[in-house]
Each structure stands twice: as structure tokens, then as C-alpha cells.
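Reading the structure
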Amino acid sequence: MRVYVPLTLPGLARAHEAGELGPAPLLAYAVTPALREWYVSDNLEELEYAALTRAAQASLRLLALTPAPGAPPRRVVVAAELPDGAATADPDRGLDPAAIGEVRVAAAVPLRLAAAVHVDADDAAADVAAAVAALGAADAGDEDARFTVDGAEDHELLWYGVQEIGNLLG
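Just so we're clear, the structure is a prediction, and the values are computed from it rather than from any experiment.

Reading the values: the criteria
- Residues numbered from 1 in each chain as written.
- Predicted model: local features only at pLDDT ≥ 70, side-chain atom pairs only at ≥ 80, totals over all residues.
- Heavy atoms only, no water.
- pLDDT = per-residue confidence, 0-100.
- Helix = DSSP H or I, 4+ residues; strand = E, 2+ residues; numbered from the N terminus.
- Axes fitted to C-alpha atoms, helices over the stretch in contact; angles between N-to-C directions.
- Left-handed = near helix turned anticlockwise from the far one by under 90°.
- Contact = heavy atoms within 4.5 Å.
- Nonpolar A, V, L, I, M, F, W, Y, C, P; charged D, E, K, R; others polar.
- Buried < 20%, exposed > 50% of the residue type's maximum accessible area, 1.4 Å probe, protein only.
- Phe/Tyr/Trp six-rings, centres within 6.5 Å; stacked < 30°, edge-to-face > 60°.
- Lys NZ or Arg CZ within 6 Å of the ring centre and 35° of its normal.
- Arc of directions from axis to C-beta.
- Pairing = 2+ DSSP bridges.

Describing the confidence of the model for the chain
Of the residues in the chain, 99% have a pLDDT of 70 or more, and the chain-wide mean is 93. The secondary-structure element of the chain with the lowest mean pLDDT is helix α2 (residues 33-39), recorded at 86, while strand β4 (residues 76-81) shows the highest, at 98.

Laid out in C-alpha cells, this is it:
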């Protein structure tokens, strides 16, 4: 099962140093029955992209919750291949629009199981920072703030191999 773990650059640095994504339990995103129903597609590649997008949205929230002065505001998502059953969806949250595609991973994930790292390009930093600043107002229903938050999604995450994490972190 492929899962998408939302992080920040400092979180990626900690994972790189520790050799694993953790501590458990981890919040991640995957192609769940609720995501299939919400996205209405049988194309696995499209469904995985939808799960990646949900993880990128969660990464944006992590940036808001865990500010790291000096760290560039960039969304980070690690894609990892886990054994079936290693990640589970909460059936009580399956219909919650905020939890679509959400899964819990019960154990730390060794980085050797990571398939790729997805990160914003440098030119996304201003839009990502503006989206982070607007999250609270967007959550409260401000449509202009929602537009600003959605602006971060205009930036596609770049793909990096796991062996590139050290260079990515600089």
C-alpha cells in the first residue's frame, strides 16, 4: 500500500537523521474507499495523485502548526510503500470531508520504504507562506482567505528520489 506522509522541511531533516518517519502513530494519506468514492475514479494513478494532494494540504497545516523560523515554507510529502494492513483508515471519520483519504500508520516507517519525496519548488515559497497565514481565516469561512490557501495548490510538488534528501536539505 502506498501512503503519503505530510511533513515540513525540518521534519524531513529529522527523518533523514533518524532514518525513519516517526514517531508513531503517523498521519498519512492513501487511496481509501472514502477517497475512491469522493474522487469518483477507477484510475489508480489519479487516485494516488488525489491522496498526494490531500497530504500536501496536511503539510500546509503542519507548516502553520509548527513554525520553524529560518526554514523555507515549502510543503513536503514522503511517499512510502508499506505492507498491506500497516495503515488503517478510521471508519468513524471516513465520511468527514476533512479526513478523506486519511490513514494512521501504527509504527515508524523506515526511510528504506520511501519511494519518493515531493517538495515545493523555491518559487512556491511566497504563495505557501501566504496560504499558511490565511489558513485560520479560510477555516472560519473567509472566501478571500480560501482563495489564498488554494493558491498554494497551483504549485505542483517536485519529485525527488530518496537518495536526494541530503542534497535537498542542503
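Further notes follow.
Structural notes on the packing of helix α4 (residues 125-139) against helix α5 (residues 143-152)
Axis separation between α4 and α5 bottoms out at 7 Å; the angle between their running directions is 140 degrees. Note on packing geometry: the crossing formed by α4 with α5 is left-handed. Counted together, D127, V128, A130, A131, A134, L135, A137, A138 and D139 of α4 and A145, R146, T148, V149, G151 and A152 of α5 form the full contact between these two elements. When its residues are assigned to classes, the contact of α4 with α5 shows ten nonpolar, two polar and three charged.

As for the environment of A130
Turning to its location among the elements, A130 is positioned in helix α4. You can call A130 partly exposed: its relative accessible area is 33%. Spatially, the C-alpha atoms of A130 and I165 are 26 Å apart, while their sequence positions differ by 35 residues.

So, the packing of aromatic side chains
One pass over the structure, following the stated rule, counts one aromatic pair. Above the face of the W38 ring, R54 is positioned so that its terminal group lies 5.2 Å from the ring centre.

What about the environment of M1?
Relative to the assigned elements, M1 resides in the segment before β1 (2-7). Distance from M1 to A30, taken between C-alpha atoms, is 7.8 Å for residues 29 residues apart in sequence. Ignoring anything within four residues of it in the chain, the contact list for M1 reads A30, A80, E81, L82, D84 and A87.

Digging into α5
Note on helix geometry: an α-helix contains 3.6 residues per turn, so any two residues three or four positions apart are oriented the same way. Taken residue by residue, α5 has A145, V149, G151 and A152 as its buried positions. Down the axis of α5, the buried set is contained in an arc of 150 degrees. They therefore lie on one face. Exposed residues lying more than 90 degrees from the buried face of α5 are E143, D144 and F147. Those residues of α5 that are buried lie in contact with α3 (44-65) and α4.

Some words on the pairing of strand β8 (residues 114-119)
With five of six residues buried, β8 lies mostly within the body of the structure. Of the strand pairs in this sheet, β4 and β8 are connected by five bridges, and their pairing is antiparallel. Bridge pairing in β8 places V76 opposite V119. Summarising the sheet, β8 and strand β9 (residues 158-160) pair through three bridges and their orientation is antiparallel.

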